[in-house]
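# Commentary on secondary and tertiary structure
Read off the chains here:
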Amino acid sequence: MNAIDSYITPDGRTIGAPVMEMKNITLRFGGVVAIKDISFDIREGEIRAIIGPNGAGKSSMLNVMNGFYHPQEGEVHFRGEKRGPMRPHQIAHQGIARTFQNIALFKGMSTLDNIMTGRLTHMKTGMFSQIKWWGAAQREEVENRELVEKIIDFLEIQTIRKTPVGRLPYGLQKRVELGRALAAEPKLLLLDEPMAGMNVEEKEDMSRFILDVNDEFGTTIALIEHDMGVVMDIADRVVVMDYGKKIGDGTPEEVRTNQDVIDAYLGVAHD
Amino acid sequence: MIYREAGDFKTSYAKDQQTFPIAFDRWGYFITLAFAFLVVPFIINDYWINAVVLPFLIYAIAAIGLNILTGYCGQVSLGSGGFMAVGAYAAYKLMTGFPDLNIVFVIFLSGGITALVGMLFGLPSLRIKGFYLAVATLAAQFFLVWLFNKVPWFYNYSASGQISAPERSIFGYAVTGANALPAVSYLFCLCFVVILAWAARNLTRGANGRKWMAIRDMDIAAEIIGVNPLKTKLTAFGVSSFYIGIAGAMLFAVYLGAAEVGEAFGISKSFLILFMVIIGGLGSIFGSFAGAAFMVLMPVLLKNVMVGQLGWPTDLAAHFEFVIVGGLIVLFLIVEPHGLAQLWRLAKEKLRLWPFPH
Ligand SMILES: Nc1ncnc2c1ncn2[C@@H]1O[C@H](COP(=O)(O)OP(=O)(O)OP(=O)(O)O)[C@@H](O)[C@H]1O
Ligand SMILES: [Mg+2]
């Protein structure tokens, strides 16, 4: 595939050059091979889904992308450059944000504060102006608060602004976590099962938010999802993993008719 | 009906971030400050200043310090006594080594030195957590006390092994040494408390505080959103030790006047500060004050009641005090981990609805 290729989606969005390229990634935990020689790319502006049965290695793949796991083999290229050894917090500063399969919010803080933490990569005033507060620190706080309030409006969570997140129901927590990731204004947004455990209505809301984020802010998104219906609806392209291997890659239509994928989902039983 | 935010709508985000969003609280705060500065020095007697108010102010600084580390950043420390000793000995060395240095600088510099020492002992926190970190800080506590005992340079080779504060004054008023008037010492401490509490509030209300709390609540997620764990934990250790060092310097120079390290800054001091933070409320500046007030006042009150009124022997009263403190700690840990500060918040919630409960 040519790196400067771009394509137009059926609904008319232009998908650009690759933002992230995974090249021959292999990740092992002791004897377990979680990811086996997988390559794929994620392009500017697209919604890229990663699907596969339980234990296929999807979350591990996301963890490689944001530097949580270091693959034994292979290269990660982000925005045209090969990534050296980096800590996750450095990768966050490069513009990659994510949510977790098991919600990872800051339980002791309010919704507002949780989403404000998403702005930390953009907040630069030093400790001494923070001590002084009046002036630079307060100005920065207010500016970032304005953006966060927009996200709060966008996600329709105004009423829980000051509620400690530990007290929120599961679906709302997922939404707040999305808000925190969005607050970073990431170049690449990674979502690990954003709709897991939600009812139909909540799933529809979440799908709408994901589509809107992609549409309004042009954010590139990679997401893991089990619900095939949702994936077919919102993804531009899909990677299919099974037992750490890539068994399919293409548009939802192509993937759905791929015999290996059908076998993985219907045929061989996985626990 | 007076105490509420109705009719007190926030028109900007800056206003929404105020320390005291409710006008009533804001006024209460200013009145308390004015009272503390303008009225208290004239009405209070020396017994109260020495038995209650001075220790309260100084321990409040230490409690804010430990609260920053433990309450905001989630790093348990049993080394507060040792870090207070660092502040005290730094102040002693600075006062005796540089007699012309202003006492205000001495105290801030002592805090700075303690901050560096605290960051050094904070280094293991990147690798170890919770119980193991507590043990490591406990080791620091014993090491520091041992160090100040064993190396005579720290106490200027004095025969008694004690350190004692020479007289220093500002604006002609002695604040340390035998000639310091209690009211002057009080005002001196009060100035430090107000400035340091204000700084702590500012450090915890914005980006910096959120970094600390993110590490406290879930360090993995904190790292994912771009928080550097080592740097963040070390700033917490640094800032916390700065406060604790200042408290140590003031306890020694302003309050005690003379000190012996094991007695003044032993492990029991570490626990005292920790109890203040737990009872007052983890992660609350106000709670640090409440906890300090509680732990300072309670023994005085108990003694007055049990020894003064009931005529119990002093040692029995002292033991009873242990029982009460121990019981309260357990109670707070189980029932209200956010301490007195949370009880105060709940009381205010009720008050806001009063007199119509719904
Ligand atoms: N930190 C780890 N240590 C050891 N093994 C791990 C670790 N993380 C993942 N694995 C293993 O790697 C394999 C892939 O796990 P992963 O969580 O990536 O799967 P997944 O596709 O996300 O599954 P699910 O749909 O259940 O979330 C599993 O066999 C898992 O046990
Ligand atoms: Mg997973």
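Calculation criteria
- Residues numbered from 1 in each chain as written.
- Chains lettered and ligands numbered in written order.
- Predicted model: local features only at pLDDT ≥ 70, side-chain atom pairs only at ≥ 80, totals over all residues.
- Heavy atoms only, no water.
- UniProt positions renumbered as here; feature names shortened; annotations may be inferred.
- Helix = DSSP H or I, 4+ residues; strand = E, 2+ residues; numbered from the N terminus.
- Rg over C-alpha atoms; globule rule 2.2 N^0.38 Å.
- Buried < 20%, exposed > 50% of the residue type's maximum accessible area, 1.4 Å probe, protein only.
- Contact = heavy atoms within 4.5 Å.
- Areas by Shrake-Rupley, 256 points an atom, 1.4 Å probe, with all protein chains shown as cover.
- Lys, Arg positive; Asp, Glu negative; His and termini not counted.
- Charge placed at Lys NZ, Arg CZ, Asp CG, Glu CD.
- Pairing = 2+ DSSP bridges.
- Patch = residues over 30% accessible without salt bridge, like charges linked within 9 Å, V, L, I, M, F, W, Y side chains within 5 Å.
- Salt bridge = Lys/Arg side-chain N within 4 Å of Asp/Glu carboxyl O.
- Buried area = accessible area lost by both parts, 1.4 Å probe.
- Polar contact = N/O pair within 3.5 Å; in protein donor to acceptor, adjacent residues only side chain to side chain.
- Core = buried A, V, L, I, M, F, W, Y, C linked by side-chain atoms within 4.5 Å.
- Axes fitted to C-alpha atoms, helices over the stretch in contact; angles between N-to-C directions.
- Parallel < 35°, antiparallel > 145°, perpendicular 65-115°, else oblique.
- Left-handed = near helix turned anticlockwise from the far one by under 90°.
- Nonpolar A, V, L, I, M, F, W, Y, C, P; charged D, E, K, R; others polar.
- pLDDT = per-residue confidence, 0-100.

- Chain B is annotated in an unreviewed UniProt entry as ABC transporter permease from Paramylibacter kogurei.
- Database annotation for chain B, UniProt heading Subcellular location (unreviewed entry): "Cell membrane".

- Chain A goes by ABC transporter ATP-binding protein in an unreviewed UniProt entry, where it is assigned to Paramylibacter kogurei.

## Quick look at the overall build of chain A
- Across its full length, chain A holds 10 helices and 12 strands.
- Radius of gyration (C-alpha) of chain A: 19 Å, near the 18 Å computed for a compact globule of 271 residues.
- Considering only C-alpha atoms, chain A reaches an extent of 60 × 40 × 40 Å along its principal axes.
- Taken over 271 residues, chain A has a buried fraction of 54%.
- Taking the contacts inside chain A whose residues are at least 6 apart along the sequence as the reference set, 67% of them involve residues at least 24 apart.
- For chain A, the accessible surface area stands at approximately 12,100 Å², while carbon and sulfur atoms represent 51% of it.
- Taking the 32 positively charged and 40 negatively charged side chains of chain A as two groups, their mean positions are separated by 7 Å.

## Notes on unusual backbone geometry
Residue and element names in this part refer to chain A.
- With phi around 65°, Trp 133 is a residue other than glycine that occupies positive phi space.
- Positive phi is not limited to glycine here, since Tyr 243 has a value of about 45°.
- Locating Tyr 243 in the fold gives a position in the loop between β11 (237-242) and β12 (245-250).

## Quick notes on the sheet that holds strand β4 (residues 32-43) of chain A
Residues and elements named next belong to chain A.
- The strand order across the open sheet built from four strands is β4-β3-β6-β7, with neighbouring strands paired in antiparallel fashion. Two strands bound the open sheet, and with one partner strand each, they are β4 and β7 (81-82).
- As paired strands, strand β6 (residues 73-78) and β7 are joined by two bridges and run antiparallel to one another. Bridging from a neighbouring strand, His 77 pairs with Lys 82 of β7.

## Overview of a nonpolar patch on the surface
Residue and element names in this part refer to chain B.
- Together, Phe 35, Leu 38, Val 39, Phe 42 and Ile 43 make up a nonpolar patch on the protein surface, roughly 560 Å² of accessible area in all.
- Note that Ile 43 resides in helix α2 (residues 23-43).
- Note on Ile 43: relative accessible area 58%, which makes it exposed.

## Side note on the interface of chain B and chain A
- Between chain B and chain A, the residue contacts involve 32 residues of the former and 36 residues of the latter.
- Each partner contributes to the roughly 3,000 Å² buried at the junction of chain B and chain A, and carbon and sulfur atoms together form 65% of this total.
- For chain B, the biggest contributors to the area lost against chain A are Tyr 13, Arg 210 and Ile 224 of chain B; these three give 25% of the whole.
- On inspection of chain B and its partner chain A, the count reaches three salt bridges.
- Of the charged contacts in the structure, one is a salt bridge between Arg 87 of chain A and Glu 223 of chain B, with a shortest N-O distance of 2.9 Å.
- Inspection of the region where chain B meets chain A yields eight residue pairs in polar contact (both at pLDDT 80 or more).
- Secondary structure elements with two or more residues in the side of chain B that touches chain A: α1 (13-16), α7 (182-205), α8 (207-217), α9 (219-224) and α10 (229-256) of chain B.
- Ranked by residues supplied to the side of chain B that touches chain A, first place goes to α8 of chain B with nine residues.

## Regarding the nonpolar core
- Judged by nonpolar contacts, the single largest core of 146 residues is most densely connected at Phe 252 and Phe 265 of chain B.
- The contacts of Phe 265 of chain B, once residues within four sequence positions are left out, are Gly 81, Gly 82, Met 84, Ala 85, Ala 88, Gln 141, Val 145, Gly 248, Leu 251, Phe 252, Ala 259 and Glu 260 of chain B.
- Within the second largest apolar cluster, 26 residues are counted, among which are Val 19, Ile 91, Ile 224 and Met 241 of chain A.

## Observations concerning the packing of helix α4 (residues 80-97) of chain B against α10 of chain B
Residue and element names in this part refer to chain B.
- Between α4 and α10, whose axes approach to 7 Å, the crossing angle comes to 60°. Compared by their axis directions, α4 and α10 come out oblique. Two packed elements cross with a definite hand, and for α4 against α10 that hand is right-handed. Packed against α4, whose contacting residues are Ser 80, Phe 83, Met 84, Gly 87, Ala 88, Ala 91, Tyr 92 and Met 95, the element α10 presents Ser 241, Ile 244, Gly 245, Ala 247, Gly 248, Ala 249, Leu 251, Phe 252 and Ala 253 at the interface.
- Broken down by class, the residue content of the contact of α4 with α10 amounts to 12 nonpolar, five polar and no charged.

## Considering the confidence of the model for chain B
- Mean pLDDT over chain B works out to 89, with 93% of the residues at or above the 70 mark.
- The ipTM value of the predicted complex is 0.91, and its pTM value is 0.91.

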